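So you can see what is in the structure, the chains are spelled out below.
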Number of protein chains: 2
Amino acid sequence: MLQEKTPIVSQAVIRRLPIYLRYLQQLHLDEVDTVSSQEMGQDLDINPAQIRKDLAYFGEFGRKGIGYSVPYLIEKIRQILKLDRSLPVALVGAGHLGIALSNYSRLRQAELAIAAIFDKDPQKIGTKIAELVVEPIDRLESRVRELGIRIGIVAVPAAEAQAVVDRMVGAGILGILNFAPTTLRVPGEVHIRYSDVTSELQALAYYVE
Amino acid sequence: MLQEKTPIVSQAVIRRLPIYLRYLQQLHLDEVDTVSSQEMGQDLDINPAQIRKDLAYFGEFGRKGIGYSVPYLIEKIRQILKLDRSLPVALVGAGHLGIALSNYSRLRQAELAIAAIFDKDPQKIGTKIAELVVEPIDRLESRVRELGIRIGIVAVPAAEAQAVVDRMVGAGILGILNFAPTTLRVPGEVHIRYSDVTSELQALAYYVE
DNA sequence: TAGATTGTTAATCGATTAACAATC
DNA sequence: TAGATTGTTAATCGATTAACAATC
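Residues numbered from 1 in each chain as written. Chains lettered and ligands numbered in written order. Predicted model: local features only at pLDDT ≥ 70, side-chain atom pairs only at ≥ 80, totals over all residues. Heavy atoms only, no water.

Overview of the protein's contact with DNA strand C
Of all residues adjacent to DNA strand C, which total 23 residues, the nearest are Ser37(A), Arg52(A), Gly62(A), Tyr68(A) and Gln50(B). In DNA strand C, the atoms that sit within 4 Å of the protein are 62% sugar and phosphate, with bases accounting for the remainder. Gly62(A) places a main-chain nitrogen or oxygen 2.8 Å from a phosphate oxygen of DNA strand C. One of the side-chain N or O atoms of Arg16(B) is found 3.2 Å from a phosphate oxygen in DNA strand C. (Near = heavy atom within 4 Å. Polar contact = N/O pair within 3.5 Å; in protein donor to acceptor, adjacent residues only side chain to side chain.)

Brief notes about the protein's contact with DNA strand D
The environment of DNA strand D is made up of 23 residues, and the closest members are Gln50(A), Ser37(B), Arg52(B), Gly62(B) and Tyr68(B). In DNA strand D, the atoms that sit within 4 Å of the protein are 62% sugar and phosphate, with bases accounting for the remainder. Here Asn47(A) contributes a side-chain N or O atom positioned 3.3 Å from a phosphate oxygen of DNA strand D. Tallying contributions element by element places helix α3 (residues 48-56) of chain A first for the surface near DNA strand D, with four residues. Its residues assigned to classes, the surface near DNA strand D comprises four nonpolar, nine polar and ten charged. (Helix = DSSP H or I, 4+ residues; strand = E, 2+ residues; numbered from the N terminus. Nonpolar A, V, L, I, M, F, W, Y, C, P; charged D, E, K, R; others polar.)

A word on the sheet that holds strand β3 (residues 67-69) of chain B
Residue and element names in this part refer to chain B. With antiparallel pairing, three strands are arranged side by side in an open sheet as β1-β3-β2. Across the chains shown, the open sheet's two edge strands, defined by having one partner strand only, are β1 (34-35) and β2 (62-63). Relative to β3, β1 runs antiparallel, the two being bridged by two bridges. Considered in β3, the bridge of Thr34 is made with Ser69. Relative to β3, helix α4 (residues 70-80) is tilted by about 75°, and along the sheet it contacts β1 and β3. (Pairing = 2+ DSSP bridges. Contact = heavy atoms within 4.5 Å. Axes fitted to C-alpha atoms, helices over the stretch in contact; angles between N-to-C directions.)

Given below as structure tokens:
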């Protein structure tokens, strides 16, 4: 039986893989067959040695003297990131941002479709957003189990975010993308990523003038 | 005349300052007067030594044996990040995301109000979003100069993003937050930050199950 | 074959953390 | 004063980059 190798790879590496994937998919559309780490590095502004090292954590995907096969590398990165299967996502918060995310077609293409939307506001519950009906937050646990959801998006106000995350964790969600502008507490086995436009712009402000 | 100290501080440090600020502002609302790096570290999940070091790049803001004055530290971080003045922001792209961003009230509070919205779609030009009228993209340069804008947000499809960024740079914008799922080319003096929900979720997928 | 490019080791660089004197 | 906590130096850790043998 084949024992899957699972080396401990740093988060920095994992976060570059989607960038590589996106780039390779564009090359594929442009009917490019082969690419070298040098070309990739030039286009993505990343050191070629780093690209080779990142990929080499997971196998020998290239050919010496030739480079990487674009379709093959796409397939491999999709496997590594587990994008070779459908990964339904739960969204909590049907405000402006939640609606924008629901309508974002790129997620569906990436096998990361939002599969259920929750809100606590009775005015929003029952309304339709991008073919999904907004469900009451109390339904979260049962729906997450039903749909086999492992990834959640938090798009509620900061004050409500920790409670939402606690429920997500309780329901078995293991990866969370948080848009609420607050630091959240999750157990060690749960991965959380933060996205905050205000913080990003505030950091940019430092460099301006 | 006081010569402003401008040490070269790493981007990692600058990106933590908005997190500190957000946290301190919450403490201030809760009427907390003083905080130690240890307390901050516990709440933000950041090593206390790192917090002290980050702050010490910019001055001696704390008091030995006591900690940091919350209102004073807020003031200082706002000065460092240049948030003690109004920083108008240009938004290009009046789609779902652009609309969500325009309606996001936290930016206004943070002195980072979106001051002008541009789109190339004649159907969108002239419509009102959050008290602003969508302007034609050709107006970008003149409006940026008129309003003294230094920061831009790109919320257009990937295929159009580079052209938009080129115009922004030409108009004198120095900091860009890009939501388009593509790597962009900017001159060295321009700072660019990327935000891509798809990439974030794809990276999370790796850690799930 | 000659030229190109990978995979990988070793060197470098930079960021994080520990430790502690200074001092409130 | 005694206890607490900063600012800062030194130690550690981890990530990036250079270099090159292997090989297509």
